[in-house]
Amino acid sequence: MDQIFYKEWFQGFAKGLDVLEADSRSCLLKQCAKKCADTGVLEMYQKLHEEVKEDCDAFYTRINELGGVRSEIIVPDKVYHIIFPACVCDLHTTAGINTPNLCECSRQSIIYVGEKIWGTTDFEVQCLGTILSGAKECTFKVTFK
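Residues numbered from 1 in each chain as written. Predicted model: local features only at pLDDT ≥ 70, side-chain atom pairs only at ≥ 80, totals over all residues. Heavy atoms only, no water.

Some words on the environment of lysine 35
Okay, so step 1: Tracing the backbone shows lysine 35 in helix α2 (residues 22-51).
Okay, so step 2: For lysine 35, a relative accessible area of 63% translates into the label exposed.
Okay, so step 3: Along the backbone, lysine 35 and serine 109 are 74 residues apart, and their C-alpha atoms lie at a distance of 9.0 Å. (Helix = DSSP H or I, 4+ residues; strand = E, 2+ residues; numbered from the N terminus. Buried < 20%, exposed > 50% of the residue type's maximum accessible area, 1.4 Å probe, protein only.)

What follows is the structure, given as structure tokens:
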């Protein structure tokens, strides 16, 4: 198969994302997010989590050392922002998918990684804005209950 096939196929995928109901899109992209995170992102965050001995504020402070991502403590031990100054999603950068609905994959990835490292689902992740939706950066709010 040639590049034209893939380009066209991914454009069809993007259009499909745009017409899916939000719950269905989340369900689909949750599986994609897991596979993406399992390629190395999860391991990187697990290592950081171990280094800070499970201290939430220290974890989100040290994210700033990783490169390509930064974080802010909004409310200590409770609310954090994870910020990506550039869209590094391969489906955007390589396959040319530009729909902001793709950003649900990033939200799902943050949820997946959080569940793995914190061992809980007692937090929520909200998308505050993404580059594909017109924002300067991709910003996600993580709130622990």
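Having seen it, we continue.
Remarks on the packing of aromatic side chains
Aromatic rings considered in pairs are described by the distance between their centres and by the relative angle of their planes.
Okay, so step 1: Under the criterion given, the structure shown has twelve aromatic pairs.
Okay, so step 2: Where phenylalanine 5 meets tyrosine 6, the ring centres are 5.4 Å apart and the plane angle is 75°; that geometry is what we call edge-to-face.
Okay, so step 3: You can call tyrosine 6 partly exposed: its relative accessible area is 38%.
Okay, so step 4: Residues phenylalanine 84 and phenylalanine 140 carry aromatic rings whose centres are separated by 6.3 Å and whose planes lie at 75° to one another, so their mutual orientation is edge-to-face. (Phe/Tyr/Trp six-rings, centres within 6.5 Å; stacked < 30°, edge-to-face > 60°.)

Details of the nonpolar core
Okay, so step 1: Counting 25 residues, the largest nonpolar core has Phe59, Tyr60, Val142 and Phe144 as the members making the most contacts within it.
Okay, so step 2: Contributions of two or more residues to this core are made by α2, α3 (56-62), β2 (79-84), α5 (104-118), β3 (123-129) and β4 (138-144).
Okay, so step 3: For this core, the element with the most residues is α5, which contributes six residues.
Okay, so step 4: Those residues in contact with valine 142 that sit more than four places away from it in its chain are Tyr60, Lys78, Val79, Tyr80, Ile82, Ile110, Phe123, Glu124 and Val125. (Core = buried A, V, L, I, M, F, W, Y, C linked by side-chain atoms within 4.5 Å. Contact = heavy atoms within 4.5 Å.)

Side note on the sheet that holds strand β1 (residues 70-75)
Okay, so step 1: Taken in spatial order, the four strands of this open sheet run β1-β2-β4-β3, and their pairing is antiparallel. Each edge of the sheet is formed by a strand with only one pairing partner; in this case those strands are β1 and β3. Averaged over all adjacent pairs, the angle separating strand axes in this sheet is 20°, with direction ignored.
Okay, so step 2: As judged from the six bridges shared by β3 and β4, these two strands associate in the antiparallel manner. Across the sheet, the residue bridging to phenylalanine 123 is phenylalanine 144, located in β4.
Okay, so step 3: α5 contacts β2, β3 and β4 of the sheet and is inclined by roughly 150° relative to β3. (Pairing = 2+ DSSP bridges. Axes fitted to C-alpha atoms, helices over the stretch in contact; angles between N-to-C directions.)

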